[in-house]
Amino acid sequence: MSLVRLNIKGISYSQTQNGAYALILNEVDGERKLPIIIGAFEAQSIAIALEKEIQPPRPLTHDLFKNFADRFDIIIKQVIIHKLVDGVFYSSIICEREGIEEIIDARTSDAIALALRFDAPIFTYKDILDNAGVYLKAGSSEEKPSEVEKEDALIEDLIIGEETETEKTATDKFAKFSKKELNTMLEKAVSDEDYEKAARLRDELSKRN
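Residues numbered from 1 in each chain as written. Predicted model: local features only at pLDDT ≥ 70, side-chain atom pairs only at ≥ 80, totals over all residues. Heavy atoms only, no water.

A.B. asks: What am I meant to see in the packing of helix 2 (residues 61-71) against helix 3 (residues 108-118) here?
C.D. replies: A pair of packed helices is captured by two measures, namely the crossing angle of their axes and the spacing between those axes. As a packed pair, helix 2 and helix 3 sit with axes 10 Å apart at the nearest point and diverge in direction by 55°. Taken as axis vectors, helix 2 and helix 3 run oblique relative to one another. Remark: the crossing between helix 2 and helix 3 carries right-handed chirality. Together, His-62, Asp-63, Phe-65, Lys-66, Ala-69 and Asp-70 of helix 2 and Asp-110, Ala-113, Leu-114, Arg-117 and Phe-118 of helix 3 make up the contact between the two elements. A class-by-class count of the residues in the contact of helix 2 with helix 3 yields 5 nonpolar, 1 polar and 5 charged. (Axes fitted to C-alpha atoms, helices over the stretch in contact; angles between N-to-C directions. Helix = DSSP H or I, 4+ residues; strand = E, 2+ residues; numbered from the N terminus. Parallel < 35°, antiparallel > 145°, perpendicular 65-115°, else oblique. Left-handed = near helix turned anticlockwise from the far one by under 90°. Contact = heavy atoms within 4.5 Å. Nonpolar A, V, L, I, M, F, W, Y, C, P; charged D, E, K, R; others polar.)

Following this line, the structure appears as structure tokens:
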């Protein structure tokens with residue numbers, strides 16, 4: 001079976017499962033997206049790995065694993081999402097130490113959180129993408145950006161549901177603060193290990209850059 005490389009498009013709150021998030025993976029050489037439901041802790045860990053400017057004051061579980069692996073010369077070569085059963089994705093982590101390769105079973109969310117920390121590629125099999133991938137028409141150069149954005153929003157709404165009023169209010173309330181105030185609030189949120197708030201603050205700062 002042929003492997004298809006994936007990258008991470010983003011993470012959004014999922015309305016379909018309480019306290020869960022939807023991790024959206026992109027087909028690198030194609031137009032499909034693969035949505036995967038993950039837990040809040042794993043979503044935070046993945047978001048922190050994606051957002052290089054947020055540094056937790058203490059290592060998270062996946063950071064601890066990375067430090068442990070580095071100490072004992074273990075590297076992660078790649079992650080493969082190899083099975084889909086009843087809506088649950090199963091993954092394997094391909095590791096190597098002193099030239100010996102090992103395959104370790106892992107939850108997909110954990111595997112991806114680790115892949116980001118090791119800069120390891122993420123793959124799935126073509127048949128899994130055929131069965132679970134969401135097809136998006138590629139936007140042509142003549143197509144207006146707003147139309148492409150609307151198409152993306154429509155597809156993701158079907159996957160993860162619409163943003164709740166509570167979430168909108170939580171994001172909008174940061175609009176009244178200056179960049180200096182937002183940076184101070186961001187530092188405090190990271191220090192308090194409130195990574196959900198830190199992510200929203202970082203989003204607000206990114207909009208202004």
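A.B. asks: How should the side chain of Glu-27 be read in this particular structure?
C.D. replies: Structurally, Glu-27 is set in strand 2 (residues 20-27). Classification of Glu-27 by relative accessible area gives buried; the value is 12%. Separated by 3.3 Å, the side chain of Glu-27 and the backbone nitrogen of Glu-31 make a polar contact. With residues near it in sequence (within four places) discarded, Glu-27 still touches Val-4, Arg-5, Leu-6, Arg-32 and Leu-129. (Buried < 20%, exposed > 50% of the residue type's maximum accessible area, 1.4 Å probe, protein only. Polar contact = N/O pair within 3.5 Å; in protein donor to acceptor, adjacent residues only side chain to side chain.)

A.B. asks: Just checking my understanding: could you explain the packing of aromatic side chains for this structure?
C.D. replies: Any two aromatic rings considered together are summarised by their centre-to-centre distance and by the angle between their planes. In this structure the tally under the stated criterion is 1 aromatic pair. Consider the rings of Phe-68 and Phe-72, whose centres lie 5.0 Å apart with planes at 40°: the pair is tilted. Take Phe-68: its relative accessible area is 52%, and that puts it in the exposed class. Since its relative accessible area comes to 40%, Phe-72 is described here as partly exposed. Over the face of the ring belonging to Phe-118 we find Lys-66, whose NZ or CZ atom lies 5.0 Å from the ring centre. Looking at Lys-83, its charged tip hangs above the ring of Tyr-90, at a distance of 4.6 Å from the centre. (Phe/Tyr/Trp six-rings, centres within 6.5 Å; stacked < 30°, edge-to-face > 60°. Lys NZ or Arg CZ within 6 Å of the ring centre and 35° of its normal.)

A.B. asks: I'm lost on the environment of Ala-111 in this one. Help?
C.D. replies: Locating Ala-111 in the fold gives a position in helix 3. The spatial distance from the C-alpha of Ala-111 to the C-alpha of His-62 is 9.5 Å, given a sequence separation of 49 residues. Once you skip the residues sitting within four places of it in the chain, Ala-111 turns out to touch Val-79, Ser-91, Ile-93 and Ala-106.

A.B. asks: What is the right way to look at the pairing of strand 3 (residues 32-39) in this model?
C.D. replies: On any regular strand, side chains alternate: one points to one face of the sheet, the next to the other face. Extensive coverage of strand 3 is indicated by the burial of 6 of its 8 residues. Where strand 2 lies against strand 3, 7 bridges are found, and the strand directions are antiparallel. Counterpart to Ala-20 in the pairing with strand 3 is Gly-39. (Pairing = 2+ DSSP bridges.)

A.B. asks: Help me out: how do you make sense of the environment of Phe-123 in this one?
C.D. replies: Mapped onto the secondary structure, Phe-123 falls in strand 7 (residues 122-125). Separated by 43 residues in sequence, Phe-123 and Ile-80 have C-alpha atoms that sit 4.7 Å apart.

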